[in-house]
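# Observations on the model geometry
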Amino acid sequence: MERLLHIDRRIIFAIITVAVIVSLILRFELPIPASIPVQGVYNKVESLPEGSHVLISFDYDPSSKEELQPMAIAFLHHCFQRNLKVIGMTHYPGSPGLAERAIVSVAEQYRKVNGEDYVFLGFKPGSASLIINMGENLYSAFPKDYYGNDTSTLPILQEVDSLRDIELLFDLAAGTTIELWIVYGKEKYKFELGAGCTAVMGPDMYPFLQSKQLVGLLGGLKGAAEYEALVGKEANAVSGMRPQSVVHVIIILFVIFGNVIYFASGKARHA
């Protein structure tokens, strides 16, 4: 008993390492039912008529891409499957490469045309002031798109003068941008807002779900995996759930094992 209580932590690390490797090699399936917040985003996209304009704000950088990039790709698949018009932008200077790669790679699979079916406006500083500017006049906020094209000449934006003309805005956030969109955008310009965020941010977003300020929420890798399953495009998030789930189970078993050994050894009675 005493030896088990003082097991070398390197043994635990080794067990977890082996479990991760095995779960990556053995491609077994896990059930991924959609949670209510994820289903909310999906249902909103499903309710939009063809040709509706969806603005995606890619507000993350490479440090958060493992959680948020799969969300972006799955959401883009859903938009293009529904023949929606996609407008991309970002508040993060480190995001344009990730965002542009995601939009173009998915758009090519559906033979969507830049400037007609989608547009990427790129990065613009300003945060709150930029949102207010977009709410008043999108062309003054973004005179040029990411490629230097005049936005006023792009067919996709002919029916979009401001945020008031957006049917849905979806923010992929690694920071405080969801709150910015709510305070300076949604409450003033009355568009529908959905969001995706890192897992650690998820609990802070639930009050906005309860107040109906968000139509839905994708939280962390789990939220991304649920959305991939909903749209039938299972990829990195779904495969990433295997090692994550296996490791969580092992950690829980170690916690139970440690408590059983602790009480069985009689230490709890002498504490």
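What comes next concerns the included structure. Fair warning: this is a prediction, and the values are worked out from it, not measured in the lab.

Turning our attention to the side chain of Asp171. Within the secondary structure, Asp171 sits in strand S4 (residues 168-173). There is no salt bridge for the buried Asp171, and the closest opposite charge comes from Lys186, which lies 13 Å off by N-O distance. A polar contact is formed between the side chain of Asp171 and the backbone nitrogen of Ile178, at a distance of 3.2 Å. Sequence-distant contacts of Asp171, that is, excluding residues within four places in its chain, are made with Ser57, Asp59, Thr177, Ile178, Trp181, Gly194, Ala195 and Gly196.

For the coordinates displayed, the defined rule picks out ten aromatic pairs. Ring plane angle 55° and centroid distance 6.5 Å describe the contact between Phe58 and Tyr60, whose orientation is recorded as tilted. Summarising the burial analysis for this pair, Phe58 and Tyr60 share the class buried. For the pair Tyr146 and Tyr147, a centre-to-centre distance of 5.3 Å together with 80° between the ring planes defines the contact as edge-to-face.

Before going further, it helps to spend a moment on the packing of helix H10 (residues 220-231) against helix H11 (residues 236-264). The interhelical angle for the contact between H10 and H11, taken along N-to-C directions, is 130°, at an axis separation of 8 Å. It follows that H10 is oblique to H11 by the angle criterion. In terms of crossing hand, the pair formed by H10 and H11 is left-handed. Residue-level inspection shows Leu221, Lys222, Ala224, Ala225 and Glu228 of H10 in contact with H11, the latter providing Asn236, Ala237, Val238, Gly240, Met241 and Gln244.

Turning next to the nonpolar core. Core analysis: the biggest nonpolar cluster contains 40 residues, and Val54, Ile56, Phe58, Phe75, Leu76, Leu172 and Tyr227 have the highest contact counts within it. Of all the elements in the fold, those that place two or more residues in this core are helix H3 (36-47), strand S1 (53-59), helix H4 (65-81), helix H5 (96-109), strand S3 (118-123), S4, H10 and H11. Here this core takes eight residues from H4, the largest share from any one element. Beyond its immediate chain neighbours, meaning those up to four positions away, Tyr227 contacts Val38, Val41, Tyr42, Val45, Ala74, Phe75, His78 and Leu218. Of all hydrophobic cores here, the second largest spans 36 residues; its members include Leu55, Ile156, Ala173 and Met205.

Right, let's talk about unusual backbone geometry for a bit. Of note in the backbone geometry, Lys190 takes a positive phi value of approximately 60° without being a glycine. Looking at where Lys190 falls in the secondary structure, it is placed in the loop between helix H8 (177-189) and strand S5 (192-197). The exposed category is assigned to Lys190, whose relative accessible area is 64%. Here Lys212, not a glycine, exhibits a phi torsion of approximately 70°, which is positive. Its location among the elements puts Lys212 in the loop between helix H9 (202-210) and strand S6 (217-219).

The next subject is the state of the cysteines. Applying the stated criterion to the full structure yields zero disulfides. Among the cysteines around Cys79, which has no disulfide bond, Cys197 carries the closest sulfur, lying 18 Å off. Judged by relative accessible area, which is 0%, Cys79 ranks as buried. Residue classification places Cys197 among the buried positions, given a relative accessible area of 0%.

What follows concerns the pattern of salt bridges. Inspection of the entire model under this criterion finds five salt bridges. Linking Lys222 and Glu226 is a salt bridge whose minimum nitrogen-to-oxygen distance equals 2.4 Å. One end of the pair, Lys222, and the other, Glu226, are both in helix H10, four residues apart, so they sit about a helical turn from each other. Look at Lys222 and you get partly exposed, because its relative accessible area is 45%.

Here the focus is the pairing of S3. Of all six residues that make up S3, five are buried, and the element is covered over most of its length. Note: strand S2 (residues 85-90) against S3, four bridges, orientation parallel. When the bridges of S3 are listed, Thr90 appears paired with Phe123. For the handedness criterion, the β-α-β arrangement of S2, H5 and S3 is classed as right-handed.

About the cut-offs
Counting restarts for each chain: residues are numbered from 1 in the order of the written sequence. Local features in a predicted model are, by the rule used here, given only for residues with pLDDT of at least 70; side-chain atom pairs are given and counted only at 80 or more, and totals for whole chains, interfaces and linings are based on all residues. Values shown for side chains rest on all heavy atoms present in the structure; no hydrogens or waters enter the calculation. Strands here mean DSSP runs of E at least two residues long; helices mean DSSP runs of H or I at least four residues long; both are numbered from the N terminus. Each residue is placed in one exposure class: buried if its accessible area under a 1.4 Å probe, protein chains only, is under 20% of its type's maximum, exposed if it is over 50%, and partly exposed if it falls in between. Counting rule applied: Lys, Arg positive; Asp, Glu negative; His and chain ends not counted. Counted as salt bridges are all cases of a side-chain nitrogen of Lys or Arg within 4 Å of a carboxyl oxygen of Asp or Glu. The term polar contact refers here to a pair of N or O atoms within 3.5 Å; inside protein, the definition further demands a hydrogen-donor-capable atom paired with an acceptor-capable atom, and it admits residues adjacent in sequence only when both atoms are side-chain atoms. Any two residues whose heavy atoms approach within 4.5 Å are treated as being in contact. Paired rings are identified among Phe, Tyr and Trp, the last through its six-membered ring, by centres lying within 6.5 Å, and are further divided according to the angle between planes into stacked (under 30 degrees), edge-to-face (over 60) and tilted (the rest). The convention used is that axes are lines fitted to C-alpha atoms, helices contributing only their stretch in contact, and that angles between N-to-C directions extend from 0 to 180 degrees. What sets the label is the angle itself: under 35 degrees gives roughly parallel, over 145 gives roughly antiparallel, 65 to 115 gives roughly perpendicular, and the rest give oblique. Here a crossing is called left-handed whenever its near helix is offset anticlockwise from the far helix by less than a right angle, and right-handed whenever the offset is clockwise. Residues belong to one nonpolar core when they are buried, are Ala, Val, Leu, Ile, Met, Phe, Trp, Tyr or Cys, and are joined through side-chain atoms within 4.5 Å. A pair of sulfur atoms, both from cysteines and within 2.5 Å, is called a disulfide here. If DSSP finds at least two bridges between two strands, the strands pair. The definition of a right-handed crossover adopted here requires that, viewed with the strands pointing away, the path from the first strand over the helix to the second runs clockwise.

Functional significance is not addressed by these values, which are geometric in nature.
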